[in-house]
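A look at the structure
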Amino acid sequence: MRGRFITFEGIDGAGKSTHLDWFADALRARGATVLRTREPGGSPLAERLRGLLLTEAMSITTEILLMFAARQDHLDTVVGPALARGDWVLCDRFTDSTFAYQGAGRGAGGEHIAMLERWVQAGLQPDRTYLFDLPPEEAARRRAGARAPDRFEQEDLDFFGRVRAGYALRVQQDPARFVTIDARQDIAAIRAVLQGSIDTLWA
Ligand code: TYD
């Protein structure tokens, strides 16, 4: 059976990385070959671009173009080859993050991002996206004291409110791709949702 391309999304502090680790193990337990990766980053060049994106001040246009430059390299050198081999690719963030953070959060809108999405992805879309949804106030409480915030994590509640709304719009545009998870639930409840949805990936 061919692998699947699965992405995890949500505002900073929603807890998706913890669940991603568990999800990768659950797939491996079922015999899948799993590649766990992330954006921005995931390849040597894209990780260098990530370093710039998370620390350097830049215009919103530069930010969007660097996100997609990193994405292009990641798709060319890591994700594409893995999917061609039949591996399962689990990616911590993908283009929905660009629509949510740059498009909605920073107010760039979706038009140019949609253009770059068509160009860079050439029709490739995740088979499924898990969206960890959380009110911005709760996410901020969870992030508090975790570690030094990066350039995005320093943004205020209004910014994360817009990011959350940006994600909701993406779900509305392509509801079949998304599983939205209420991230206020405890870890066991969220795992139960993920476990239940794993079976449907084999369908
Ligand atoms: P992430 O890896 O989730 O952060 P962490 O290392 O704290 O788990 O994501 C890094 C940041 O990049 C996050 O704040 C969201 C941001 N981001 C965008 O703004 N646009 C994008 O297209 C992507 C992929 C990430």
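Before reading further, recall that the structure is shown in the block above.
Keep in mind it's a predicted model, so treat the numbers as computed, not measured.

What counts and how
- Residues numbered from 1 in each chain as written.
- Predicted model: local features only at pLDDT ≥ 70, side-chain atom pairs only at ≥ 80, totals over all residues.
- Heavy atoms only, no water.
- Pairing = 2+ DSSP bridges.
- Helix = DSSP H or I, 4+ residues; strand = E, 2+ residues; numbered from the N terminus.
- Axes fitted to C-alpha atoms, helices over the stretch in contact; angles between N-to-C directions.
- Contact = heavy atoms within 4.5 Å.
- Buried < 20%, exposed > 50% of the residue type's maximum accessible area, 1.4 Å probe, protein only.

1. Quick look at the sheet that holds strand 3 (residues 88–92)
Adjacent strands of a sheet pair through backbone hydrogen bonds, lying either parallel or antiparallel. Read across the sheet, five strands follow the order 2-3-1-4-5 without closing on themselves; strand pairing throughout is parallel. The outermost strands of the open sheet, each flanked by one partner alone, are strand 2 (34–38) and strand 5 (178–182). Taken pair by pair, the neighbouring strands of this sheet meet at an average axis angle of 20°, ignoring direction. Contacts from helix 1 (residues 16–29) reach strand 1 (5–10), strand 2, strand 3 and strand 4 (128–133) within the one sheet, and its direction differs from that of strand 3 by about 175°.

2. Considering unusual backbone geometry
A cis geometry characterises the amide bond from Glu-39 onward to Pro-40, with omega recorded as -10°. Residue Arg-93 is not a glycine yet carries a positive backbone phi of 80°. Examined against the element boundaries, Arg-93 turns out to sit in the loop between strand 3 and helix 4 (95–105). When its relative accessible area of 12% is taken as the criterion, Arg-93 is described as buried. You will see that Ala-122, though not glycine, has its phi angle at about 45°, which is positive. You can see Ala-122 is positioned in the loop between helix 5 (111–121) and strand 4. Here Ala-122 falls in the exposed class, since its relative accessible area comes to 64%.

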